[in-house]
Structure formats: C-alpha cells, structure tokens
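# Topology and contacts: notes
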Amino acid sequence: GEDVEQSLFLSVREGDSSVINCTYTDSSSTYLYWYKQEPGAGLQLLTYIFSNMDMKQDQRLTVLLNKKDKHLSLRIADTQTGDSAIYFCAENIGNTGKLIFGQGTTLQVKP
Amino acid sequence: NAGVTQTPKFQVLKTGQSMTLQCAQDMNHEYMSWYRQDPGMGLRLIHYSVGAGITDQGEVPNGYNVSRSTTEDFPLRLLSAAPSQTSVYFCASKAAGGATSSYEQYFGPGTRLTVT
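Residues numbered from 1 in each chain as written. Chains lettered and ligands numbered in written order. Predicted model: local features only at pLDDT ≥ 70, side-chain atom pairs only at ≥ 80, totals over all residues. Heavy atoms only, no water.

### As for the interface of chain A and chain B
Condition: Contacts are residue-level and defined by heavy atoms, with any inter-residue pair within 4.5 Å sufficient. As used here, buried area is the combined drop in accessible area, with a 1.4 Å probe, of two parts when they are placed together. Whenever a nitrogen or oxygen atom comes within 3.5 Å of another N or O atom, the pair is scored as a polar contact, on the condition that within protein one atom can donate a hydrogen and the other can accept it, and that pairs from neighbouring residues in sequence are kept only if both atoms are in side chains. Secondary structure follows DSSP: runs of H or I at least 4 residues long count as helices, runs of E at least 2 residues long count as strands, and numbering of each begins at the N terminus.
Residue-level contacts link 21 residues of chain A with 23 residues of chain B. Roughly 1800 Å² of surface becomes buried between chain A and chain B when both sides are summed, with 59% attributable to carbon and sulfur atoms. Seen at the junction of chain A and chain B, the total is four residue pairs in polar contact (both at pLDDT 80 or more). Among the secondary structure elements, those contributing two or more residues to the side of chain A that touches chain B are strand E4 (31–37), strand E5 (43–50) and strand E10 (98–101) of chain A.

Next comes the structure, spelled out in structure tokens:
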C-alpha cells in the first residue's frame, strides 16, 4: 500500500539551512505537499509540487523532487527560530483530497 | 471567508458515549475529509467525501460514521466512544480539479478529544 516516510527530528542553528527529507511509495501521485504544524495548532500549507516538476522555489523554501527515487525534500534557507515546528510531507491519492502523511519531522532551531 | 471551521475545540467523553464532531467550509469545495492525528503517527484518513451524498472510507474508518447532505458540512459521528479514539481530529477541504487553486488542501484547527 501507500507509505510515506520521514526522519523524526532535525536540529539546526539559526541562520543555517534546514533540509527535511521524505520518501514515498505511490508512483501515481500527481502532486506532493509540505505542511507545517506549530504546537497546539492545525496544519498550515507551505507548498506543493507537481510530479512532473523537479524543483519549486518559494521565497526561503525550495522543494526538490526525485521521481526515480521517490524522494522529496524541503530546504529552508536562513532558518529562523519561528521555523521551529513539525513538518509533514504528504502525497495525494487519486486527486480526491485523500492524503497519505509521513510521521512528521520535528525541526528544532537553536539561537 | 472563514475557511474550514470545526467545533468543538475540546471534548471529553466517557467510554460508550456518542457524539458528533462538526466541520464546515465556506469555500464551496467539493472534497472534504476527516483525519486523526496521534503522536508519532502523522495524520491518518478516517473518511472522505467527493461531493454531497458521496462518502467513502479511508485508512481507519472503524467506529466512525459520516454523511454529506450539503456541500458545506461534513460531520463525523463517534457511535460508541472508546479510549483508542482519544486523538486530535482534523477536517480538511479541497476544490475539485481544474484550476491551480484546486491543488491546495486546507485544514481546520482541530478538535482534541479525550475518551476516559
């Protein structure tokens, strides 16, 4: 079945770049998402990428997609303490709103 | 636009009680879905709907019922609450395919449910 895997924890220093990685199994996914969740809050859509793209850049965020290896990454440039949160990647299934989520990566930003 | 709204924000139930978690969206989205979030497990899909009158099961549907009588509302019913249903529940909505904005899926703020 479909599965999405993420590493659970990442710690970086303020001002460094953060790279959060994700692997997925469903090769028929047409697009993949990155969400951010702050403590006690809901999910905030950060960005998404179509499966026919290799890269998408949006201000400090860069998403890289390697379809051959089914690997997705989110790079945050100049990481700030306000970026501390849990980051989820998710793949869509069948364009019906069905998403399969990874377990989430907790990003800790040290001053 | 209020986006996706959920009520209540917090709820405590005793084992065996039933209740309905409310979800509404004002974006005229066709697709709506319910997820539960448990520590270390990400979000898992409970039920989803592609339009009024059409629902289907997700990964973890047991113990939950849904209906979709209007485009705006998608309530989730717990039939007989169990401690294993202690979780945070999120509702989400998304437009059907076509426009670029249809790829954006929005989540509500969540309902924290504790079953004792």
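### Remarks on unusual backbone geometry
Residues Thr7(B) and Pro8(B) are joined by a peptide bond in cis, for which omega reads -5 degrees. Positive phi, close to 55 degrees, is recorded for Gln59(A), a residue that is not glycine. Along the chain, the position of Gln59(A) falls in the loop between strand E6 (55–58) and strand E7 (61–66). One non-glycine residue, Asp78(A), lies in the positive phi region at around 50 degrees.

### Regarding the side chain of Glu91(A)
All names here are of chain A. Applicable threshold: Remark: exposure states derive from per-residue accessible area (1.4 Å probe, protein chains only) relative to the maximum for the residue type, with buried under 20%, exposed over 50%, and partly exposed in between. Asp and Glu are treated as the negative residues and Lys and Arg as the positive ones, with His and the ends of the chain left uncounted. The rule for a salt bridge is simple: a side-chain nitrogen of Lys or Arg has to be within 4 Å of a carboxyl oxygen of Asp or Glu.
Tracing the backbone shows Glu-91 in strand E9 (residues 85–93). Here Glu-91 occupies a buried position and makes no salt bridge, while the nearest side chain of opposite charge, Lys-70, is found at 8.8 Å. For Glu-91, the residues in contact, after removing those within four places along its chain, are Glu-2, Asp-3, Val-4, Tyr-24, Thr-25, Asp-26, Ser-29, Tyr-31, Leu-32, Lys-98, Leu-99 and Ile-100.

### A look at the sheet that holds strand E8 (residues 76–78) of chain B
Residue and element names in this part refer to chain B. The test is simple: Here, a strand pair is defined by DSSP locating no fewer than two bridges between the strands. Axis angles are defined between N-to-C directions and span 0 to 180 degrees, where every axis is a line fitted to C-alpha atoms and, for a helix, only to the segment in contact.
Pairing is antiparallel across the open sheet formed by four strands, whose spatial order is E1-E3-E8-E7. Each having just a single partner strand, strand E1 (4–7) and strand E7 (64–66) make up the two edges of the open sheet. Within this sheet the neighbouring strands show an average axis-to-axis angle of 20 degrees, counted without direction.

### As for the state of the cysteines
Residue and element names in this part refer to chain B. Applied cut-off: Here, the term disulfide refers to a pair of cysteine sulfur atoms separated by no more than 2.5 Å.
Throughout the structure, instances matching the rule amount to two disulfides over all chains. A sulfur-sulfur distance of 1.8 Å marks the disulfide that ties Cys-23 to Cys-91. Across the S-S bond of Cys-23 and Cys-91 the torsion is about -70 degrees, and the bridge reads as left-handed. Note that Cys-23 is positioned in strand E3 (residues 19–25) and Cys-91 in strand E9 (residues 87–94), a separation of 68 residues in sequence.

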